[in-house]
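# Commentary on secondary and tertiary structure
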Amino acid sequence: MLRTSGAWRNWGRSEGSRPVFRASPSSVDQVQALVRTARERGLPVKTVGAGHSFTAIAATDGILVDLDQLQGVISADVETGRVRVAAGTRLHRLPELLAPYGLALPNMGDIDRQSIAGATSTGTHGTGLGFGGLATMITAAVLVTGDGSLLRVSEAENTELLPAVRLGLGALGILVELELQLVPAFLLRAVEHPEPFEVIDEFRARVEAADHFELYWWPHTDRVMTKTNTRLPLDAGRAPVGAFSNWIEEEVMSNGALALMCNLGHLAPGVTPSINRLATKVYGDREYADDSYEVFTAPRRVRFREMEYALPLDEVPAALHELRAMIDASGWRISFPVEVRAAAPDENWLSTAHGRESGYIAVHRYVKDDPEQYFRAAEQIFLAHGGRPHWGKMHYLDAAVFSERYPRFGDFLAVRDRLDPQRVFRNAYLDRVLGA
């Protein structure tokens, strides 16, 4: 199964590595054999999905494994809404795969290129104070542990491991199967509308009043774009954006025009504030209703780098005011908007929303712009407000900090010692954030 490998790079071009071997197993037995081979040869093994993490969480100089041949629905129980899927299944395939059962993911982020295992293992989330991240949907999992054996974790077997395995950073084993708690398929009515920056002071009230609320702030402007999604039954009827209007909004404006704006800002940073102010006037102001996955997600073709922090919900307004003041004082020209979302508390040990209502602030930089100064300065603001960084997005922290910010951090490390004592799944990123 092993083949020689060239260099690997992630989607955001922020990380890369040169594995000795690549592998694309087509069965769970082959995954087990790969882990045993890696162990015998003394090589680390890491799993990669779409490469949409901005950290080096998937990087390795050993064996890089993709699960692209392990996709699809294994079984579905329409009555309970429980569906078993192969771990390599890409999120964008799920709507079609679930349609025969009339089921859907309860929530999604705005990117759907990831594999389900990669998205849950790094803490991917959407927005909505009544909804947890994707990992909270997991009711059972099957993984290959460090000795190549299969471990089943569910509400009936090894239940105590679920809070660790649901969001395991790839440190506990290779996920090969997940059981998800889904909901009947539904529509979303979306209202997108520009508002004054001061709406951030009402952030808690806005997220409490809506099923799904988020906003985007364009630096160097006093405007935000708000998006409020309301859940509707299928029989409420779709009222989608017309094909031409959608093409204008999603492809011409959100991708084509954004790429042009970012390139202009890269070549001539001084024009960025004017471009951003123009963007606040021409980007969407619309209302429509469509299938949930069509509203949750959008194409993202302009490459960027991202840092995102989860803060206690009530800390979000102050942190945003400080971020704005910092950008204004810095002299930097930031061409990408700041994204702000919310999520329910959950019990998963390494979840950024563990034990608290959380607001998320994400900062971005165009792929051609150096993000380090901006991200490091933003990180200090977020840390001062109790922030925890998204595991799949850029940050500069290590295990010493995480041990203080996650009450069950030590428990997670104990599970890692149990399932991978020889550190078959280690890499430099995990050494940094978990300790060797």
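Criteria and thresholds
Residues numbered from 1 in each chain as written. Predicted model: local features only at pLDDT ≥ 70, side-chain atom pairs only at ≥ 80, totals over all residues. Heavy atoms only, no water. Helix = DSSP H or I, 4+ residues; strand = E, 2+ residues; numbered from the N terminus. Rg over C-alpha atoms; globule rule 2.2 N^0.38 Å. Buried < 20%, exposed > 50% of the residue type's maximum accessible area, 1.4 Å probe, protein only. Areas by Shrake-Rupley, 256 points an atom, 1.4 Å probe, with all protein chains shown as cover. Lys, Arg positive; Asp, Glu negative; His and termini not counted. Charge placed at Lys NZ, Arg CZ, Asp CG, Glu CD. Contact = heavy atoms within 4.5 Å. Polar contact = N/O pair within 3.5 Å; in protein donor to acceptor, adjacent residues only side chain to side chain. Salt bridge = Lys/Arg side-chain N within 4 Å of Asp/Glu carboxyl O.

### Quick notes on the overall build of the protein
When helices and strands are tallied, the protein shows 13 helices and 21 strands. What you see for the protein is a C-alpha radius of gyration of 21 Å, in line with the 22 Å of a compact globule of 436 residues. Overall size of the protein, expressed as C-alpha extent along the three principal axes, is 60 × 50 × 40 Å. The buried share among the 436 residues of the protein stands at 59%. Surface exposure of the protein reaches about 16900 Å², of which carbon and sulfur atoms provide 50%. Each charge sign in the protein was given a centre, from 46 positive and 55 negative side chains, and these centres are 6 Å apart.

### Focus on the environment of Tyr288
Turning to its location among the elements, Tyr288 is positioned in strand E17 (residues 286-291). A C-alpha to C-alpha distance of 11 Å links Tyr288 and Gly237, two positions 51 residues apart in sequence. Those residues within four positions of Tyr288 in sequence are excluded, and the remaining contacts are Leu188, Arg189, Ala190, Glu192, Lys227, Ala239, Pro240, Val241 and Val295. Only 2.9 Å separates the side chain of Tyr288 from the side chain of Glu192, close enough to count as a polar contact.

### Remarks on unusual backbone geometry
Positive phi values are uncommon outside glycine, yet Leu169 reaches one of about 60°. You can call Leu169 buried: its relative accessible area is 2%. One non-glycine residue, Arg423, lies in the positive phi region at around 60°. Tracing the sequence through the fold places Arg423 in the loop between helix H12 (409-419) and helix H13 (428-434).

### Section: the pattern of salt bridges
Taken as a whole, this structure holds 27 salt bridges when the rule is applied. Lys227 is the partner of Glu192 in a salt bridge, and the nearest nitrogen-oxygen pair spans 3.9 Å. Here Lys227 lies in strand E16 (residues 223-232) and Glu192 lies in strand E14 (residues 187-196), a separation of 35 residues in the sequence. Both residues of the pair, Glu192 and Lys227, count as buried. As a salt-bridge pair, Arg423 and Asp417 come within 2.6 Å of each other at their nearest N and O atoms.

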